[in-house]
Amino acid sequence: MSPSPRASKPPAEVGADKARLRRSLRQARAALAPADRQDQSAALARAVTDHLGRTAVLPADTAPRPTIAAYLGVDPEPDTAPLLEELHRLGYGVAVPVCEPGYQLSWTAWAPGVPLQRSVRAPVLEPTGPRLAFEDLPDVALILVPALAVDRAGHRIGQGGGYYDRFLARHPLGHADAVPRLGVVYRSELLPAGDVPTEPCDQPLPGVFTADGLLEVGSLGPPV
Ligand SMILES: Nc1nc2c(c(=O)[nH]1)N(C=O)[C@@H](CNc1ccc(C(=O)N[C@@H](CCC(=O)O)C(=O)O)cc1)CN2
Ligand SMILES: Nc1ncnc2c1ncn2[C@@H]1O[C@H](COP(=O)(O)OP(=O)(O)OP(=O)(O)O)[C@@H](O)[C@H]1O
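Residues numbered from 1 in each chain as written. Chains lettered and ligands numbered in written order. Predicted model: local features only at pLDDT ≥ 70, side-chain atom pairs only at ≥ 80, totals over all residues.

- Identification of the protein chain as 5-formyltetrahydrofolate cyclo-ligase from Arthrobacter pityocampae is taken from an unreviewed UniProt entry.
- Under the Cofactor (unreviewed entry) heading, UniProt states for the protein chain: "Mg(2+)".
- Turning to the protein chain, the UniProt annotation filed under Sequence similarities (unreviewed entry) states: "Belongs to the 5-formyltetrahydrofolate cyclo-ligase family." (UniProt positions renumbered as here; feature names shortened; annotations may be inferred.)

Points about the overall build of the protein chain
Piece 1. Along the protein chain, the regular secondary structure elements total four helices and 12 strands.
Piece 2. At 17 Å, the protein chain has a C-alpha radius of gyration in line with the 17 Å of a compact globule built from 224 residues.
Piece 3. When the backbone C-alpha atoms are referred to their principal axes, the protein chain occupies close to 65 × 40 × 35 Å.
Piece 4. For the protein chain, the proportion of its 224 residues judged to be buried stands at 31%. (Helix = DSSP H or I, 4+ residues; strand = E, 2+ residues; numbered from the N terminus. Rg over C-alpha atoms; globule rule 2.2 N^0.38 Å. Buried ≥ 20, exposed ≤ 12 C-beta atoms within 10 Å, placed from the backbone.)

What to know about the site of ligand 2
Piece 1. In the neighbourhood of ligand 2, 15 residues make up the surrounding shell, with Gly158, Gly161, Gly162, Tyr164 and Asp165 lying closest.
Piece 2. The dominant element in the shell around ligand 2, judged by the number of residues it contributes, is helix α4 (residues 163–169), at five residues.
Piece 3. When its residues are assigned to classes, the shell around ligand 2 shows five nonpolar, five polar and five charged. (Near = placed C-beta within 6 Å. Nonpolar A, V, L, I, M, F, W, Y, C, P; charged D, E, K, R; others polar.)

So, the site of ligand 1
Piece 1. As a structural note, the neighbourhood of ligand 1 is formed by 17 residues, with Ala122, Val124, Pro146, Gln159 and Tyr163 the closest of them.
Piece 2. For the shell around ligand 1, the elements supplying multiple residues, two or more each, are β2 (93–100) and α4.
Piece 3. A class-by-class count of the residues in the shell around ligand 1 yields 11 nonpolar, five polar and one charged.

Structure representation (structure tokens):
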């Protein structure tokens, strides 16, 4: 009997499919005009802060606002600097990831002007300040997840380290302690459902921000 088209592929084949898709997504991302990237980054910042304004249960004015677990976008990723600055201005705590051995993430506080250094493990910038376990961040309201693309089923493909899959697997969606997590991509990186190859360890996202706003997976349109 021939395998059904929906039968799961061997892991090595999925890995090769992901590597191919990553290559073409990186090329397409690098080919976006800088002005387009900048416009979309500004619109992404508005999309995230609009969403928080609608959904966050804000404590009294005197209390600190919750923490947003964000990241520092590195060219040609969406530039998250305008977003991080606005979150800080609004009084949110902002934390960004630090790459640790074994593809683990720790977290460190970000504020405008904090000293940054290039990670020894990945081509990203990280604040030099004290590192915290995620569990020690105060009151995290949202995890913003970097991605090269997200499909309309909520499947994400990232840079290939598996950092976020490992991290999110510690607080899987549906568990009582799961913190909301939403992807961040350029418009062209929101793909038809099924276009992102998946492995069992991939952590799905319940939604994704583009420059057009938040798309929740339940409302991402008909299956393709
Ligand atoms: N801004 C940002 N920070 C992040 C992530 C991210 O995706 N974006 N990560 C998300 O997990 C972690 C870092 N992981 C990364 C792993 C690899 C590459 C990367 O670009 N690697 C190679 C490509 C190698 C190849 O061609 O296969 C490179 O040097 O270009 C980037 C980030 C934590 N911090
Ligand atoms: N929970 C996990 N435990 C062990 N290995 C894992 C886990 N999650 C992912 N991996 C492994 O990490 C590698 C990279 O995973 P994947 O291709 O999904 O990366 P990615 O999501 O694109 O990267 P990133 O999260 O760093 O942006 C794969 O070999 C995958 O099997």
